[in-house]
Amino acid sequence: MQPGKAVVERHVAVIPGGQALVGTNRPVFPLDGEGPLRRKKIKAFSVDTAAVTTARFQAFVAETGYVTDAERMGDSLVFQGLLPKGSPPSRAIAETPWWRVIEGANWRTPFGPGSAERPDMDHPVTHVSWNDATAFAQWAGGRLPTEAEWEHAARGGLGDHPFPWGDTEPDDSGFFPCNIWQGQFPRQNTARDGYLGTAPARSFDPNGYGLYNMVGNVWELTSETFKVQSLKKAVAAAHAGKTGYKLSKGGSFLCHRSYCYRYRIAARNSTSPDTSTSHIGFRLVYHASHD
């Protein structure tokens, strides 16, 4: 069997080349390097229309025997609101206590080995690190996108807008274009959009290029190291200790305007290459001629 040929169907869309817009002149978190708006010339490419699913990742593991970072290290980070009732005590992350270190949590057992819950095969695979995503990409014949490619694809041909659908802001009561938090984070999620955790990879309306969930649902890893070009001391302090961290885009189901207003195209985040959580996934890009 050739690498990536598979068992599990995938769908790609061709994205035209040209002058890609990157960033914004209306940054919400300037310390993250969201601005300014700039242009970067890119070649045409194709991209997965949805994040890599658990089913597709399972096919990769079945063929290669790959073991993820979470499996090797023995634990992963799980949002406390996803843990089943009666879960055993777990260690919290001091700065963000809603994140719990769960022994045995990984892509196969997203809430730990004692949970009856299993991953939905059509949802984005989670508890995968940047290292894991890169290994998958090599098998599948693709690669992780650059920031410019990711933003160009996310804009769906619309240009300078904060969201893949335009300018209209999601809310807690009537407009749910993506899978984010509704309610008071982190205590109450009303799940008015239909989901407490991840949604299927192909859900909600696609953008103008036919791509699903470019914001919300899961953070998507890119090929780039997280960098902010600035001489300001505040920027250096905000990102101290992040040498070698990788850039991710798009926000997740845990984002809300009151807490993590990063379900915007220009928003940026960073994680170490071996970090895995219940809200990080990825999609791949390929040469434009890929089929």
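Just above sits the structure.
Residues numbered from 1 in each chain as written. Predicted model: local features only at pLDDT ≥ 70, side-chain atom pairs only at ≥ 80, totals over all residues. Heavy atoms only, no water.

1. With respect to the overall build of the protein
For clarity, the threshold we go by: Where helices and strands are cited, they refer to DSSP runs of H or I of at least four residues and of E of at least two residues respectively, numbered from the N terminus. Put simply, the radius of gyration uses C-alpha atoms, and a globule should come to 2.2 Å times the residue count raised to 0.38. The rule is simple: take the accessible area with a 1.4 Å probe, protein chains only, and divide by the maximum for that residue type; under 20% is buried, over 50% is exposed, in between is partly exposed. The contact rule is simple, with two residues in contact once any of their heavy atoms fall within 4.5 Å. Per-residue and other accessible areas were derived by the Shrake-Rupley procedure at a 1.4 Å probe size, with only the shown protein chains allowed to occlude residues. His residues and chain termini do not enter the charge count, which takes Lys and Arg as positive and Asp and Glu as negative. Charge placement uses NZ in Lys and CZ in Arg. For Asp and Glu, CG and CD serve respectively.
Along the backbone of the protein there are five helices and 14 strands. Here the C-alpha atoms of the protein give a radius of gyration of 18 Å, agreeing with the 19 Å that 2.2 N^0.38 yields for 291 residues. Seen through its principal axes, the protein has C-alpha atoms that stretch 50 × 50 × 40 Å. Counting over 291 residues, the protein shows a buried share of 52%. Residue pairs in contact within the protein that sit at least 24 positions apart in sequence constitute 71% of those at least 6 positions apart. Roughly 13,300 Å² of accessible area belongs to the protein as shown, and the carbon and sulfur atoms make up 52% of that amount. Treating the 31 positive side-chain charges of the protein as one cloud and the 28 negative ones as another, the clouds have centres 6 Å apart.

2. Quick notes on helix α3 (residues 130-140)
Extensive coverage of α3 is indicated by the burial of eight of its eleven residues. Buried residues belonging to α3 abut α1 (54-64), α2 (69-73), β10 (219-225), β11 (246-249) and β14 (285-287). G141 sits one or two positions beyond α3 and adopts a positive phi of about 80°.

3. Structural notes on the state of the cysteines
Linking two cysteines covalently via their sulfur atoms produces the bond known as a disulfide. Our working rule: Note on disulfides: each one is a pair of cysteine sulfur atoms within 2.5 Å.
On inspection of all chains with the given rule, the structure shows zero disulfides. You can see C255 has no disulfide; the closest cysteine sulfur is in C260, sitting 3.2 Å from it. Since its relative accessible area comes to 1%, C255 is described here as buried.

4. What about the packing of α1 against α3?
In plain terms, the rule: For helices, the fitted axis covers only the stretch in contact; all axes are lines through C-alpha atoms, and the angles between them, taken along N-to-C directions, range from 0 to 180 degrees. Orientation categories follow fixed angle ranges, with anything under 35 degrees roughly parallel, anything over 145 roughly antiparallel, 65 to 115 roughly perpendicular, and all other angles oblique.
Look at α1 against α3: their axes get within 11 Å of each other, and the N-to-C directions meet at 75°. In terms of orientation, α1 lies roughly perpendicular with respect to α3. Touching R56, F57, A59, F60, E63 and T64 of α1 are D132, A135, F136, W139 and A140, all from α3.

5. Brief notes about the pairing of strand β4 (residues 45-48)
This is how the line gets drawn: Only strands joined by at least two bridges in the DSSP assignment are considered to pair.
Where strand β1 (residues 12-15) meets β4, four bridges bridge the pair, whose relative direction is antiparallel. Residue pairing for β4: I15 is matched across the bridge by F45. Of the pairings in the sheet, the one linking β4 to β14 comprises three bridges and is antiparallel in character. Within β14, the residue paired with F45 across the bridge is H287.

6. Things to note about the environment of F253
Mapping F253 onto the fold places it in the loop between β11 and β12 (269-271). It is 12 Å that separates the C-alpha atoms of F253 and P124, two residues lying 129 residues apart in sequence. Those residues within four positions of F253 in sequence are excluded, and the remaining contacts are L82, N179, I180, W181, L196, G197, T198, G216, N217, S278 and H279.

7. Here we look at the sheet that holds strand β5 (residues 75-79)
Sheet strands line up and pair through hydrogen bonds in the backbone, either parallel or antiparallel. Strand order in the open sheet formed by three strands is β5-β7-β6, and the pairing between neighbours is antiparallel. Each of the sheet's edge strands pairs with one partner strand only, and the pair in question is β5 and β6 (91-92). Pairing of β6 with strand β7 (residues 99-103) involves two bridges; the strand directions are antiparallel. Paired with R91 across the two strands is V101, which belongs to β7.

8. Focus on the pattern of salt bridges
Inclusion rule: Criterion for a salt bridge: a side-chain nitrogen of Lys or Arg within 4 Å of a carboxyl oxygen of Asp or Glu.
A complete count under the given rule lists 13 salt bridges for this structure. In this structure, E147 and K249 form a salt bridge, with 3.0 Å as the shortest nitrogen-oxygen distance. Here E147, found in helix α4 (residues 147-155), pairs with K249, found in strand β11; they are 102 residues apart in sequence, far enough to count as distant. The pair E147 / K249 is uniform in exposure class, with both members buried. E151 is the salt-bridge partner of R155, the closest N and O atoms lying 2.7 Å from each other. Of this pair, R155 and E151 both sit in helix α4, four residues apart, roughly one helical turn. Given the relative accessible area of 1%, E151 is considered buried. Each member of the salt-bridge network shares a partner with another, and the members are E147, E151, R155, K249 and R268.

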